[in-house]
Amino acid sequence: MRRTILPFLPLFLAALLAAGCGSAGPVPDSGTTGDAEPRPASSSPSRSLGQSFEEDVQLARTLTERFWQGRFEAAGRAYRPIQAFEAYSGEDGPACGDQPAVPDNAFYCPIGHFVAYDEAWMRKLYENGGDGAVYVIVPHELGHAVQAQLMSDFTLNVQRELQADCYAGGALAGMIQAGEIEAEPGDDEELLANLAAAGDPTDEWLRPDAHGTPAQRQQSFADGFNNGVDAC
């Protein structure tokens with residue numbers, strides 16, 4: 001996504017809108033309506049465009065946190081940036097309480113308020129499936145950081161995960177509206193393919209590790225992208 005979504009993506013994703021994501025506390029109101037369709041990126045986008053895996057990862061983190069900082073400030077609240085953004089390798093990652101890091105994963109840990117990711121795993125996704133992987137995974141995990149700050153409550157884990165997908169779509173649309181990222185052909189397919197690849201093989205909502213099926217994850221992301229984070 002060099003750097004990011006095609007102008008027609010809102011129409012492409014519109015067909016995937018879901019009825020709603022997980023229940024949670026209110027998202028800080030930016031003072032704008034949540035049903036405005038995202039416009040294409042500005043003709044004068046930010047010059048800080050990622051040209052490599054490392055740059056894209058850092059850019060996705062920076063722009064997502066900038067988006068949420070603006071949302072919180074507009075609501076008269078203070079956004080608390082994550083304390084660390086850590087790459088690890090295989091099983092050699094930071095623990096979250098008594099839960100060790102596992103290979104091929106990215107996670108947000110409320111104990112320490114940090115995000116960590118298996119660098120080799122994410123790099124492989126980036127190289128094989130395009131940089132859309134980074135702009136799905138990083139905003140998703142930072143969506144969990146937002147949930148922690150809002151003290152969101154969920155009955156099922158899948159609700160938490162689908163809302164994080166919804167937040168990721170809304171944050172990405174916000175980056176486009178701000179003119180901070182630009183488009184490349186095929187970005188829509190990249191995003192949706194990465195969401196599909198991360199979906200659960202079956203619709204078992206009661207599983208404690210359920211994240212949602214490919215269609216559910218795509219729908220939640222599309223809902224946030226087209227309707228803003230207030231719809232999440």
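Residues numbered from 1 in each chain as written. Predicted model: local features only at pLDDT ≥ 70, side-chain atom pairs only at ≥ 80, totals over all residues. Heavy atoms only, no water.

Quick word on unusual backbone geometry
The criterion, for reference: The helix and strand labels rest on DSSP assignments: H or I over at least four residues marks a helix, E over at least two residues marks a strand, and numbering proceeds from the N terminus.
One non-glycine residue, D104, adopts positive backbone phi at about 55°. Structurally, D104 can be placed in the loop between β1 (84-88) and β2 (106-109). Positive phi outside glycine occurs at H113, with the angle close to 50°. Inspection of the secondary structure puts H113 in the loop between β2 and β3 (114-118).

Observations concerning the nonpolar core
So the rule is basically this: Only buried residues count toward a nonpolar core, which is a set of Ala, Val, Leu, Ile, Met, Phe, Trp, Tyr and Cys residues joined through side-chain atoms within 4.5 Å. Residue exposure (1.4 Å probe, protein chains only): buried if accessible area is under 20% of the type maximum, exposed if over 50%, otherwise partly exposed. Contact criterion: two residues are considered in contact whenever any of their non-hydrogen atoms come within 4.5 Å of each other.
In terms of nonpolar packing, the biggest core is built from 42 residues, with W68, M122 and V134 touching the most fellow members. Listing elements by their share of this core, those giving two or more residues are α2 (53-74), β2, β3, α3 (119-129), α4 (132-150), α5 (157-177), α6 (187-197) and α7 (214-227). Excluding residues that lie within four positions of it along the chain, V134 makes contacts with F53, D56, V57, A60, M122, Y126 and P139. If you look at the next biggest cluster of nonpolar residues, it comprises seven residues, including C96, A101, F107 and C109.

Quick word on the packing of aromatic side chains
Here is the rule: Pairing of aromatic rings covers Phe, Tyr and Trp, the last through its six-membered ring, and needs centres within 6.5 Å; plane angles under 30 degrees mean stacked, over 60 mean edge-to-face, and all others mean tilted.
Under the defined criterion, the tally for this structure stands at seven aromatic pairs. On the numbers, 5.4 Å between centres and 75° between planes, the contact of F53 with Y126 is edge-to-face. Remark: Y126 occurs in helix α3 and F53 occurs in helix α2; sequence separation between them is 73 residues. Neither residue differs from the other here; F53 and Y126 are each classed as buried. Relative to Y167, the ring of W68 lies with its centre 5.0 Å away and its plane at 65°, an arrangement referred to as edge-to-face. Remark: Y167 occurs in helix α5 and W68 occurs in helix α2; sequence separation between them is 99 residues. Across this residue pair, the class does not change: W68 and Y167 are buried.

Digging into the state of the cysteines
Put simply, the test is: Cysteine sulfur atoms are paired as a disulfide whenever they fall within 2.5 Å.
Taken as a whole and assessed by the stated rule, the structure comprises two disulfides. A disulfide bridge connects C96 with C109, and the sulfur atoms are separated by 2.1 Å. When the S-S torsion is 90°, as for the bridge of C96 with C109, the disulfide is right-handed. Linking C96 in the loop between β1 and β2 with C109 in strand β2, this pair joins segments that are 13 residues apart in sequence. For the pair C96 and C109, one class covers both residues: buried. With a sulfur-sulfur separation of 2.0 Å, C166 is cross-linked through a disulfide to C232. A torsion of -85° about the S-S bond marks the disulfide between C166 and C232 as left-handed. Taken together, the positions of C166 in helix α5 and C232 in the segment after α7 put the pair 66 residues apart, joining distant regions of the chain. Given the relative accessible area of 0%, C166 is considered buried.

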